Amino acid sequence: MVCYFSNTGNTEKVAKSILEGLEDKDVEILKIEDTDPLSLKNYDLVVLGSGIYAGKLHKKVTDFMTNVNEYPPKFAFFNTHQSPTGYQKAFRRIKNTIEENNSKVIGEFDCIGENLGIPKETTLKMLEKLPPEEKKKQEAYLEKTAGRPNIQDLENAKSFGKSLIK
Ligand SMILES: Cc1cc2nc3c(=O)[nH]c(=O)nc-3n(C[C@H](O)[C@H](O)[C@H](O)COP(=O)(O)O)c2cc1C
């Protein structure tokens, strides 16, 4: 199953593309809010996703994982994040717990997601406070993240889904 938390829809788009990649399989997609942590043991593979907020997975994801009692044999992770750094360790604790419980992490996928959760005016105000060179750099980066995940990102997510069942 594909199980995810998404606040502004980016991670949800990626989740749906991963699902497409898992096409031939008997697969479910569920928001984490609608998933019973005690049901995880019934799946062969759980593909778990979240946006990154202040460098972390959403609390709903970490809380959910603390309530899992029996682990499925396999997990995979995905996330969407706006910054180029600082997201890589987000799953580390969960990964350790999973491995301590004799379950395997068979793949990880990440993707840029435009930050739609902060009003444009707030971003503009933040940019105004930066020294000119840094401001330019940040503006260029924000431009790069606009509209993402884009078509190519979603294709990549689909391929990731496919790679999990090969
Ligand atoms: C309150 C807040 C905090 C965020 N913190 C980070 C962060 O620390 N690092 C990062 O790369 N992106 C951060 N982002 C950007 C989100 O991770 C990104 O837009 C992601 O795609 C959101 O996923 P969602 O639409 O599924 O909720 C933050 C966004 C919000 C709204």
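A short tour of the structure in this document, coming up. (Residues numbered from 1 in each chain as written. Predicted model: local features only at pLDDT ≥ 70, side-chain atom pairs only at ≥ 80, totals over all residues. Heavy atoms only, no water.)

Describing the packing of helix H4 (residues 120–128) against helix H5 (residues 132–145)
Two elements in contact, H4 and H5, have axes whose closest approach is 9 Å; the angle formed by their N-to-C orientations is 150 degrees. Our classification of the angle between H4 and H5 gives roughly antiparallel. Between H4 and H5, the residues in contact are Thr123, Leu127 and Glu128 and Lys135, Gln138, Glu139 and Leu142, respectively. By residue class, the composition of the contact of H4 with H5 is two nonpolar, two polar and three charged. (Axes fitted to C-alpha atoms, helices over the stretch in contact; angles between N-to-C directions. Helix = DSSP H or I, 4+ residues; strand = E, 2+ residues; numbered from the N terminus. Parallel < 35°, antiparallel > 145°, perpendicular 65-115°, else oblique. Contact = heavy atoms within 4.5 Å. Nonpolar A, V, L, I, M, F, W, Y, C, P; charged D, E, K, R; others polar.)

Regarding the packing of helix H1 (residues 10–21) against helix H6 (residues 151–163)
Here H1 crosses H6 at 45 degrees, and the two axes come no closer than 6 Å. As far as their axial angle goes, H6 and H1 are oblique. The crossing of H1 and H6 is right-handed. Here Lys13, Val14, Ser17, Ile18, Glu20 and Gly21 of H1 come into contact with H6, specifically with Leu154, Ala157, Lys158, Phe160, Gly161 and Lys162. (Left-handed = near helix turned anticlockwise from the far one by under 90°.)

Here we look at unusual backbone geometry
Pro149 follows Arg148 through a cis peptide bond whose omega is 10 degrees. Among the structural elements, Pro149 can be located in the loop between H5 and H6. Positive phi, normally seen in glycine, also occurs at Ala54, with a value near 50 degrees. Assessed through its relative accessible area of 83%, Ala54 is described here as exposed. (Buried < 20%, exposed > 50% of the residue type's maximum accessible area, 1.4 Å probe, protein only.)

Let's talk about the environment of Pro72
Relative to the assigned elements, Pro72 resides in the loop between helix H2 (59–66) and strand E5 (74–81). When the C-alpha atoms of Pro72 and Asp110 are compared, they prove to be 22 Å apart, with 38 residues separating the residues in sequence. Aside from chain neighbours lying at most four places away, what touches Pro72 is Leu40, Lys41, Tyr43, Asp44, Val46 and Ser103.

A short note on the pattern of salt bridges
Between side chains of opposite charge, a pair can form as their charged atoms come close. By the definition in use, this model includes eight salt bridges. By sharing partners, the salt bridges in this structure join Glu128, Lys135 and Glu139 into a single network. (Salt bridge = Lys/Arg side-chain N within 4 Å of Asp/Glu carboxyl O.)

Focus: a positive patch on the surface
Residues Lys56, Lys89, Arg92 and Arg93 make up a contiguous surface patch of positive charge. As for its placement among the helices and strands, Arg93 is situated in helix H3 (residues 92–100). Owing to a relative accessible area of 73%, Arg93 belongs among the exposed residues under this scheme. (Patch = residues over 30% accessible without salt bridge, like charges linked within 9 Å, V, L, I, M, F, W, Y side chains within 5 Å. Areas by Shrake-Rupley, 256 points an atom, 1.4 Å probe, with all protein chains shown as cover. Lys, Arg positive; Asp, Glu negative; His and termini not counted. Charge placed at Lys NZ, Arg CZ, Asp CG, Glu CD.)

Observations regarding the environment of Glu114
Tracing the backbone shows Glu114 in the loop between strand E6 (104–112) and H4. Distance from Glu114 to Asp26, taken between C-alpha atoms, is 31 Å for residues 88 residues apart in sequence. Not counting the four nearest positions on each side in its chain, Glu114 is found in contact with Asn10, Gln82, Thr145, Ala146, Gly147 and Arg148. There is a polar contact of 2.8 Å between the side chain of Glu114 and the backbone nitrogen of Gly147. (Polar contact = N/O pair within 3.5 Å; in protein donor to acceptor, adjacent residues only side chain to side chain.)

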